[in-house]
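Results of the structural survey
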Amino acid sequence: MKADSGPTPPATIGQALEIAQTHLSTLPDGTPRLEAEVLLAHILGTPRTHLIAWPDKRLSTRQQASFQALIRRRLQGEPLAYLTGQREFWSLPLMVTPATLIPRPETERLVERALELIPKDARREIVDLGTGSGAIAAAIATERPLSNIIATDVDSASLAVASANFLRLGLSNVTCRPGEWCTALPDQHHFDLILSNPPYVAEGDPHLQQDGLPWEPVAALTGGADGLRDICNIIRQAPAHLKPGGWLLLEHGFEQGSAVRNLLTLQGFQEARTLQDLAHRDRLSEGRMGAVGN
Ligand SMILES: C[S@@+](CC[C@H](N)C(=O)[O-])C[C@H]1O[C@@H](n2cnc3c(N)ncnc32)[C@H](O)[C@@H]1O
């Protein structure tokens, strides 16, 4: 799409989608029609069904220019979620900004496992370390309304987005606290479950240059030379903040399962094990504090 092609006469919804789809089909692994519809619906402030119902409706000059500007940004590789400012996680509509990691579907595995450990009718004390947009905390707070969740992040811009998401979703059982990993937690308070999707990609990993990752905050992605720096810190700090029998759950890369299990065991966690995702790849590891007397 040329940036200097000058004003074009307004197209209909159907024509604008056709042109955008053709341009977007040059992106690798894309879903050009869907993306074109999502972006146009975002510009028009309507549901996607409106586009299908009114293909002959003409766009205004301003709407057309805004749509073309978004298509250009998408063609440069900018993730769709940053263009619309939204991403769905656990069926919850979340605001995202370039300050926050875009929540990934694979992180729903961490939520599923956490929910297995929290009975529906129980009042548990839970922590989501490095909450980003608040995705994990929001999912658990929605599913377990009797439990209290603390959501932390070292990045104040991320925490502001998370806080706005909790407010918009009407979640009064989540509290935000700024700070580095467990140092953000209140003194002398012990939790039933601490979970985190920390940064775990190794610095210099070629994946950081692919799939829209260059647009995401590097501090949300990289965990030192081997990717394990933040996981190590959390495993070292968590025992002082867990109740006897409390759980630590960590998402990690699919080649980090045995390293994370070893770190948990070395730190004295019991029942250390790794769980897989739907593609049978190591996705998260967990460990449990011994009960008193163990
Ligand atoms: C991989 S992102 C996960 C975001 C969110 N939990 C999710 O799953 O979509 C890691 C998050 O950890 C935060 N973070 C990075 N270093 C941190 C630290 N030292 N202490 C606390 N949070 C940190 C980042 O700001 C980022 O929001």
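The shown structure was predicted, so the numbers you read here are calculated from the model rather than taken from an experiment.

Definitions and limits used
- Residues numbered from 1 in each chain as written.
- Predicted model: local features only at pLDDT ≥ 70, side-chain atom pairs only at ≥ 80, totals over all residues.
- Helix = DSSP H or I, 4+ residues; strand = E, 2+ residues; numbered from the N terminus.
- Buried ≥ 20, exposed ≤ 12 C-beta atoms within 10 Å, placed from the backbone.
- Axes fitted to C-alpha atoms, helices over the stretch in contact; angles between N-to-C directions.
- Parallel < 35°, antiparallel > 145°, perpendicular 65-115°, else oblique.
- Left-handed = near helix turned anticlockwise from the far one by under 90°.
- Contact = placed C-beta atoms within 7 Å.
- Nonpolar A, V, L, I, M, F, W, Y, C, P; charged D, E, K, R; others polar.
- Arc of directions from axis to C-beta.
- Near = placed C-beta within 6 Å.
- Pairing = 2+ DSSP bridges.
- Domains from an automatic or database assignment.

Regarding the environment of Leu34
Looking at the element boundaries, Leu34 is found in helix H2 (residues 32-44). The exposure class assigned to Leu34 is partly exposed, which follows from the 13 C-beta atoms found within 10 Å.

Examining the packing of helix H1 (residues 13-24) against helix H4 (residues 61-75)
Relative to each other, H1 and H4 sit at 15 degrees, their axes nearing to 10 Å. Relative to H4, the element H1 lies roughly parallel. Judged by the sense of rotation from one axis to the other, the crossing of H1 with H4 is right-handed. Contact residues: Ala16, Ala20, His23 and Leu24 in H1; Gln64, Phe67, Ile71, Arg74 and Leu75 in H4. Per-class residue counts for the contact of H1 with H4 are 6 nonpolar, 2 polar and 1 charged.

Considering helix H6 (residues 108-117)
Of the positions making up H6, those classed as buried are Leu110, Val111 and Ala114. The arc that holds the buried residues of H6, viewed along the axis, is 100 degrees, so those residues lie on one side. Its buried side turned inward, H6 meets helix H7 (135-143), strand S6 (191-196), strand S7 (242-251) and strand S9 (282-288).

Some remarks on the site of the ligand
In the vicinity of the ligand, 22 residues are found, and the nearest of them are Gly130, Gly132, Val154, Asn197 and Ala220. Residue assignment for the shell around the ligand shows that the elements contributing at least two residues are H7, strand S4 (148-153) and helix H9 (218-221). The residue inventory of the shell around the ligand, partitioned by class, reads 10 nonpolar, 8 polar and 4 charged.

Digging into the sheet that holds S9
Reading across from one edge, S5-S4-S3-S6-S7-S9-S8 is the order of the 7 strands in this open sheet, with mixed pairing throughout. In this open sheet, the two strands that pair with only one neighbour each are strand S5 (174-178) and strand S8 (270-276). On average, each strand axis in the sheet is inclined to that of its neighbour by 15 degrees, with strand direction left out of account. Bridge count between strand S3 (residues 125-129) and S6: 4 bridges; the pairing is parallel. In the strand pairing of S6, Ile126 is matched with Leu193. The strands that helix H8 (residues 156-168) touches are S4 and S5; relative to S5, the one it contacts most, it runs at about 170 degrees.

Describing the pairing of S7
Most of S7 sits out of view: 7 of its 10 residues are buried. Pairing of S6 with S7 involves 5 bridges; the strand directions are parallel. Each residue of the ladder has a partner; that of Leu193, found in S7, is Trp247. Across 5 bridges, S7 lies against S9 in antiparallel orientation.

Remarks on the domain arrangement of the protein
Looking at the protein, the domain boundaries give domain 1 (13-77) and domain 2 (99-288). Placing the centre of domain 1 and that of domain 2 at their C-alpha centroids yields a distance of 35 Å.

Considerations on unusual backbone geometry
Phi is positive for Asp211, close to 55 degrees, though the residue is something other than glycine. Along the chain, Asp211 falls in the loop between S6 and H9. A tally of 13 C-beta atoms within 10 Å means that Asp211 is categorised as partly exposed. A positive phi angle is found at Glu271, which is not glycine, with a value near 55 degrees. Secondary-structure assignment places Glu271 in strand S8. You can call Glu271 exposed: it has 12 C-beta atoms within 10 Å.

Thoughts on the environment of Leu248
Within the element layout of this structure, Leu248 appears in strand S7. With 27 C-beta atoms packed within 10 Å, Leu248 lands in the buried category. Placed 20 residues apart in sequence, Leu248 and Gly268 show a C-alpha to C-alpha distance of 12 Å. Those residues in contact with Leu248 that sit more than four places away from it in its chain are Ile194, Ile235, Ala238, Leu242, Phe269, Glu286 and Gly287.

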